[in-house]
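Summary of structural features
Listed below, chain by chain, are the residues.
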Amino acid sequence: MAKNHRTVRLSRLRTLPAWSLVAAGVVAGGLLGVEYGVVKPPAYTATSYVIAVPIDRSDTASALGFAQAYGRVATQLAVLGDAQVWAGVPVNILRDSVRTATSADAPMVSVSATSTRPTLSVDMANAVARALIRHADDTAAETHVQLLQFSRAVKPTAPSSASVKVTALVGASAGGLLGTLGLLVRLRRRPEEEQSARPASVPGPAVAADAHGRV
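Residues numbered from 1 in each chain as written. Predicted model: local features only at pLDDT ≥ 70, side-chain atom pairs only at ≥ 80, totals over all residues. Heavy atoms only, no water.

Before going further, it helps to examine the overall build of the protein chain. Looking only at helices and strands, the protein chain has 9 helices and 4 strands in total. Burial analysis of the protein chain (215 residues in total) assigns 30% to the buried set. Taken as a whole, the protein chain presents about 14200 Å² of accessible surface, with 61% of it coming from carbon and sulfur. (Helix = DSSP H or I, 4+ residues; strand = E, 2+ residues; numbered from the N terminus. Buried < 20%, exposed > 50% of the residue type's maximum accessible area, 1.4 Å probe, protein only. Areas by Shrake-Rupley, 256 points an atom, 1.4 Å probe, with all protein chains shown as cover.)

Pasting the structure below:
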């Protein structure tokens, strides 16, 4: 009985129009995207900027090169270990939350921190920038480059994470893509199913001459 019911359901699904798979994927993906955007808490990003300045016998090119190096060092344990004291969070949270970026044209390092709490993102970005400046000061006599605070991080007024509309759009796009792939698989199987459903051809009677030759 259950097998017959399953067969009826499959036959009904096969009678649906081809575009229904794509439409169902778009709707399902959009609903999942909305749910994700509503459930996930918003994230806020604050950014602090430091600038490399040449001192003594150094030049702008050297400052630019050291800015690139300090941008890579900023997320290392030596810097984050000092920053955790001022930020008030463990090193592993700083490692997961802080990102740095440098420019090929300007000797500047941006330190960005992301958190679900706007004030915490500010504290983490400023703490890492402060620790980076301190480490640069310790080696300024050898590098002839000094890091200065260019701009402190300020409290973000809007979340940096994707809005519900964006997550819904992404989900609908992904669902439509999966629906399209399912449609292609369905269209590919249909000729094979039709061919397998055709009755096997029965060979006709042998010609009398052929039959006589075999006797």
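Our focus in this paragraph is the pairing of strand 1 (residues 44-54). Looking at chain direction, strand 1 and strand 3 (residues 108-115) are connected through 8 bridges and run antiparallel. Counterpart to Tyr-49 in the pairing with strand 3 is Ser-110. Taken together, the 6 bridges between strand 1 and strand 4 (residues 145-151) define a ladder with antiparallel strand orientation. Paired with Ile-51 across the strands is Leu-148, a residue of strand 4. (Pairing = 2+ DSSP bridges.)

On to the packing of aromatic side chains, then. Per the stated rule, a full pass over the model turns up 1 aromatic pair. Positioned over the ring face of Trp-86 is Arg-130, at 4.0 Å from the centre of the ring. (Phe/Tyr/Trp six-rings, centres within 6.5 Å; stacked < 30°, edge-to-face > 60°. Lys NZ or Arg CZ within 6 Å of the ring centre and 35° of its normal.)

A cluster of nonpolar residues, Leu-177, Leu-178 and Leu-181, forms a patch on the protein surface that exposes about 320 Å² of accessible area. Along the chain, Leu-181 turns up in helix 8 (residues 164-197). Judged by relative accessible area, Leu-181 falls into the partly exposed class, the value being 45%. (Patch = residues over 30% accessible without salt bridge, like charges linked within 9 Å, V, L, I, M, F, W, Y side chains within 5 Å. Salt bridge = Lys/Arg side-chain N within 4 Å of Asp/Glu carboxyl O.)

Okay, the pairing of strand 2 (residues 98-102) next. Strand residues, when the strand is regular, have side chains that alternate between the two faces of the sheet. The pairing of strand 2 with strand 3 spans 5 bridges and is antiparallel. Within strand 3, the residue paired with Thr-102 across the bridge is Val-109. Remark: 5 residues form the turn of the hairpin made by strand 2 and strand 3, two consecutive strands paired antiparallel.

Sheet strands associate in pairs through backbone hydrogen bonding, adopting either a parallel or an antiparallel arrangement. Read across the sheet, 4 strands follow the order 2-3-1-4 without closing on themselves; strand pairing throughout is antiparallel. In this open sheet, the two strands that pair with only one neighbour each are strand 2 and strand 4. Strand-to-strand, the axes of this sheet are offset by a mean angle of 25°, without reference to chain direction. Across the sheet, helix 3 (residues 60-73) touches strand 1, strand 2, strand 3 and strand 4, and the angle it forms with strand 1 is around 145°. The sheet strands contacting helix 6 (residues 118-138) are strand 1, strand 2, strand 3 and strand 4, and the helix crosses strand 1 at an angle near 15°. (Axes fitted to C-alpha atoms, helices over the stretch in contact; angles between N-to-C directions. Contact = heavy atoms within 4.5 Å.)

This part is about the nonpolar core. Generally speaking, soluble globular proteins have nonpolar side chains that are buried together. Membership of the largest hydrophobic core comes to 32 residues, with the highest contact counts inside it found for Val-50, Leu-94, Met-124, Val-128, Leu-132 and Leu-147. Going through the elements one at a time, strand 1, helix 3, helix 4 (77-87), helix 5 (91-97), strand 3, helix 6 and strand 4 are the ones with two or more residues in this core. Considering each element in turn, this core owes the most residues, 11 residues, to helix 6. Excluding its chain neighbours within four sequence positions, the residues that come into contact with Val-128 are Ala-74, Val-79, Leu-80, Ala-83, Leu-94, Val-98 and Val-111. (Core = buried A, V, L, I, M, F, W, Y, C linked by side-chain atoms within 4.5 Å.)

What follows is about the environment of Val-109. Checked against the element boundaries, Val-109 lands in strand 3. Judged by its relative accessible area of 0%, Val-109 falls in the buried class. Linking Val-109 and Phe-150, residues 41 residues apart in sequence, is a C-alpha distance of 9.3 Å. When residues no more than four places from it in sequence are discounted, the contact partners of Val-109 are Ser-48, Tyr-49, Val-50, Ala-67, Gly-71, Thr-100, Ala-101, Thr-102 and Leu-132.

What follows covers unusual backbone geometry. Its identity as a non-glycine residue notwithstanding, His-144 has a phi of 60°, on the positive side. Along the chain, the position of His-144 falls in the loop between helix 7 (140-143) and strand 4.

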